[in-house]
Amino acid sequence: VSHIERSNLDEIRSLKTPPSAIVDVLSGVLMLLGIEDLTWMSMKKFLGQRGVKDSILNFDAKIMSPEVVVKVEAIVKKKSQSFDAAAIKKVSVAASPLAAWVRANLEYARVLKKVKPLQAKLEAAENELQQSQFQLDNCESELSAINRNVEDLRIKFRMQIGHAELLKEN
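So, here's what we can say about the structure. (Residues numbered from 1 in each chain as written. Predicted model: local features only at pLDDT ≥ 70, side-chain atom pairs only at ≥ 80, totals over all residues. Heavy atoms only, no water.)

**Concerning the overall build of the protein**
Line of reasoning, step 1. Regarding its fold elements, the protein presents seven helices and zero strands.
Line of reasoning, step 2. Reading the protein from its N end, one meets helices and strands in the order α-α-α-α-α-α-α.
Line of reasoning, step 3. Its C-alpha atoms give the protein a radius of gyration of 34 Å, more than 25% over the compact-globule value 15 Å for 170 residues.
Line of reasoning, step 4. Taken over the C-alpha atoms alone, the protein extends approximately 120 × 30 × 25 Å along its principal axes.
Line of reasoning, step 5. Taken over 170 residues, the protein has a buried fraction of 26%.
Line of reasoning, step 6. Residue pairs in contact within the protein that sit at least 24 positions apart in sequence constitute 69% of those at least 6 positions apart.
Line of reasoning, step 7. Where the 25 positive side-chain charges of the protein centre and where its 22 negative ones centre are 11 Å apart. (Helix = DSSP H or I, 4+ residues; strand = E, 2+ residues; numbered from the N terminus. Rg over C-alpha atoms; globule rule 2.2 N^0.38 Å. Buried < 20%, exposed > 50% of the residue type's maximum accessible area, 1.4 Å probe, protein only. Contact = heavy atoms within 4.5 Å. Lys, Arg positive; Asp, Glu negative; His and termini not counted. Charge placed at Lys NZ, Arg CZ, Asp CG, Glu CD.)

Shown next, in the form of structure tokens:
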């Protein structure tokens, strides 16, 4: 996406009636970005924005709703030719990386869906570890206090034994 030239985006914007493959790809892009208006005017406005590439590149895929993912997956499945790298590149040089971006984000969403339960387990294990570490720290602190107390008692005992030895001798 970062290698898309501004002139390529302007070329797409200048089209009065874009090829359906471009509309399909831009629909996927806009939907993933949370833009609900999928009219050609909305797409042209989006392509004309400053920093359009940055907004795509900086997109946080973790915020995609499952509903949007399902809708975009349906478009990609139904219009698979529009998202085929070789086919879309013949239609538009700029649309090809956008199609790849859509496919990559859908794949990322699938991975996140699989990883989410594992992340929950990891978080639970980390919380349990933190609680166990807290308990361990408390036990070590108590043990240290007991060891100091035992050492004090040993010293007192030795002193008492020494005192008893003195009394015995006298």
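So much for the structure itself; the text now carries on.
**A closer look at a nonpolar patch on the surface**
Line of reasoning, step 1. Among the surface-exposed residues, Leu143, Ile146 and Val150 lie close enough to one another that they form a single nonpolar patch of about 250 Å² accessible area.
Line of reasoning, step 2. Topologically, Val150 is positioned in helix H7 (residues 95-169).
Line of reasoning, step 3. Accessibility expressed as a relative area gives 35% for Val150, which makes it partly exposed. (Patch = residues over 30% accessible without salt bridge, like charges linked within 9 Å, V, L, I, M, F, W, Y side chains within 5 Å. Areas by Shrake-Rupley, 256 points an atom, 1.4 Å probe, with all protein chains shown as cover. Salt bridge = Lys/Arg side-chain N within 4 Å of Asp/Glu carboxyl O.)

**Describing the pattern of salt bridges**
Line of reasoning, step 1. Considering all chains together, one arrives at six salt bridges under this definition.
Line of reasoning, step 2. A salt bridge links Asp10 to Arg13; its shortest N-O distance comes to 3.5 Å. Linking Asp10 with Arg13, this pair stays in helix H1 (residues 6-14), spanning three residues, or about one helical turn.
Line of reasoning, step 3. Since its relative accessible area comes to 32%, Asp10 is described here as partly exposed.
Line of reasoning, step 4. We classify Arg13 as partly exposed; its relative accessible area is 32%.
Line of reasoning, step 5. A salt bridge links Arg110 to Glu107, with the shortest nitrogen-to-oxygen separation between them at 3.0 Å. Here Arg110 and its partner Glu107 are both found in helix H7, three residues apart, which amounts to about one turn of the helix.
Line of reasoning, step 6. By relative accessible area, which is 40% here, Glu107 ends up partly exposed.
Line of reasoning, step 7. Where salt bridges share partners, they join Glu73, Glu107 and Arg110 into one cluster.

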